[in-house]
Amino acid sequence: MKYISMPKLIFTCSIILLGFSKSIAQSGTMFGLYRQMTPSSVSLVSMDPVTGVVTPVGNQVLSTTINLTGVGLNPYNFSYNYQDDDSWLSLSLLDGTILSDVTINLPSTTGNFNNFRFNAADSIMYGLYSQVIYNPTTGTYSGDMRLGKCELSTGGVTLISPTSITSNYTMAGSAINPHLMVYYFITEGKLRGLDLYNGTVYSDPVITIPSGGNSFDNFAYSCADTTMYGLIMESGVKCLGKIDAATGIVTPLPTLLNLDNYIMNAATIDPVNGIYYFESMIGNDVVLLGISLIDGAIVSSASIPDGYYFDMFKIDSDCFEAAAIRPNPAALTTELKDPTFKLFPNPSQGQFTISSENEIKEIYLYDAKGKVVYEGQAASNSTIISTENLAPGIYMLKAAFSDQIIVERLVIE
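Calculation criteria
- Residues numbered from 1 in each chain as written.
- Predicted model: local features only at pLDDT ≥ 70, side-chain atom pairs only at ≥ 80, totals over all residues.
- Heavy atoms only, no water.
- Helix = DSSP H or I, 4+ residues; strand = E, 2+ residues; numbered from the N terminus.
- Rg over C-alpha atoms; globule rule 2.2 N^0.38 Å.
- Buried < 20%, exposed > 50% of the residue type's maximum accessible area, 1.4 Å probe, protein only.
- Contact = heavy atoms within 4.5 Å.
- Salt bridge = Lys/Arg side-chain N within 4 Å of Asp/Glu carboxyl O.
- Pairing = 2+ DSSP bridges.
- Axes fitted to C-alpha atoms, helices over the stretch in contact; angles between N-to-C directions.

Topic: the overall build of the protein
Scanning the protein from terminus to terminus reveals one helix and 29 strands. Its C-alpha atoms give the protein a radius of gyration of 22 Å, within 12% of the compact-globule value 22 Å for 413 residues. Projected onto the principal axes, the alpha-carbon positions of the protein cover approximately 70 × 50 × 50 Å. Within the protein, the proportion of its 413 residues that are buried is 55%. Put simply, 55% of the contacts in the protein that link residues at least 6 apart link residues at least 24 apart.

What about the pattern of salt bridges?
Inspection of the entire model under this criterion finds seven salt bridges. Here R146 ties to D144 by a salt bridge, and the two come within 3.0 Å at their closest N and O atoms. Assigned by exposure class, R146 and D144 land together as buried. Residues D204 and R192 are paired through a salt bridge, measuring 2.8 Å at the closest nitrogen-oxygen approach. Here the residue D204 occupies a position in the loop between β15 (201-203) and β16 (215-222), and R192 occupies one in strand β14 (residues 190-195), the gap between them amounting to 12 residues. On the accessibility criterion, R192 (8% relative accessible area) is buried. One connected set of salt bridges, linked through shared partners, spans K190, R192 and D204.

Quick word on the sheet that holds strand β19 (residues 250-259)
Strands sit in the order β16-β17-β18-β19 across an open sheet of four strands; the sheet is antiparallel. Of all strands in the sheet, those with a lone pairing partner are β16 and β19, marking the two edges. If you compare each strand with its neighbour and ignore which way they point, the axes differ by 25° on average.

A look at the pairing of strand β12 (residues 174-177)
Side chains S174 and I176 of β12 all project onto a buried face; the interleaved residues A175 and N177 project onto the opposite face, where all are buried too. In the sheet, β12 pairs with strand β13 (residues 182-187) via four bridges, with the strands oriented antiparallel. For A175, the partnering residue across the bridge sits in β13 and is Y184. As consecutive antiparallel partners, β12 and β13 are separated by four residues, and within that stretch M181 has a phi angle of approximately 60°, a positive value.

Side note on the pairing of strand β7 (residues 98-103)
By the bridge criterion, five bridges tie strand β6 (residues 87-92) to β7 in an arrangement that is antiparallel. Bridge pairing in β7 links L91 to I98. The hairpin turn running from β6 into β7, its antiparallel successor, is five residues long, and G96 in that turn takes a positive phi close to 80°.

Structure, rendered in structure tokens:
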């Protein structure tokens, strides 16, 4: 069995949330939706992932349905945001108060908005808007899917991608790298990254698992080490692995899990303690498992009481105060941009060269966390920079001239 999808329902939108006091955030508390099947009800709770103790946040029944493709926890205004049948609900993490409840407003009545994730770098929730388009001339249907976002105060969905970026996606999760401002999902065997600024394809490597495995599922992004972790599947859950977003190569962590299944689209990372959380059906119980990001071993196991499900859980310290290091490409496009500027080879191994007909004054290289890993005075038209001491990954190069600054993405293999 690859995964278990409980009878949890619905599809639709994404959001913009504004600030609040940060002093109450980053507590490392896990929040989620506590769902009872009979009678059907949904309520907000916090949970201790070690003991399984559930603490209600407020005492009201919120809805009977939820969209299981995404959720948002905003640590800046301390709110939990999810989608029910036809609206967005924003809940206070302090007392469970409903802060807002707005009807979803889609660009088309035939479309839907799913697989959404909150981005801590700009306080916006992004997701995939999809619709089926009928061509009356040919009598055929085609899929159209684009990156979008939704304004919580109105429920209105705004499309970001100028054209369709795929016709389908795999329910294996989604993640946002807030440092690079890239949204990731899986389609057609590829880890496709979408530029949050303009909705175009940022990266699109084929997923490969050299150690063996059928797929890479239920992935989540860790701001602590700027890495995406997920489950390597092979006749069930083989182990926890991590994926290189630039190459698509999945590397397993050493501990084998050998679980029969996982519950779809529920994963979060505690960046402080280095733990990946997901759920599995073990026997007749839903079990919340904590997995070490160091060796993949199970470090905690908490059973959910019979007759209940703990859905869409998130930790409030996850990517708290993350900052974007890659600027908006549109802001960098000026008439001054040097047409003779070159960065090669890219991807690079061992070293790369930058050159221009104009004199390059200074050079800075930033890793995915925004840390300067190289800086130097060039004062020349060309220079070679060694990358032998740098880990593989995506970097941002900033070259300063006398009258402009050029920023380019660099992949180091």
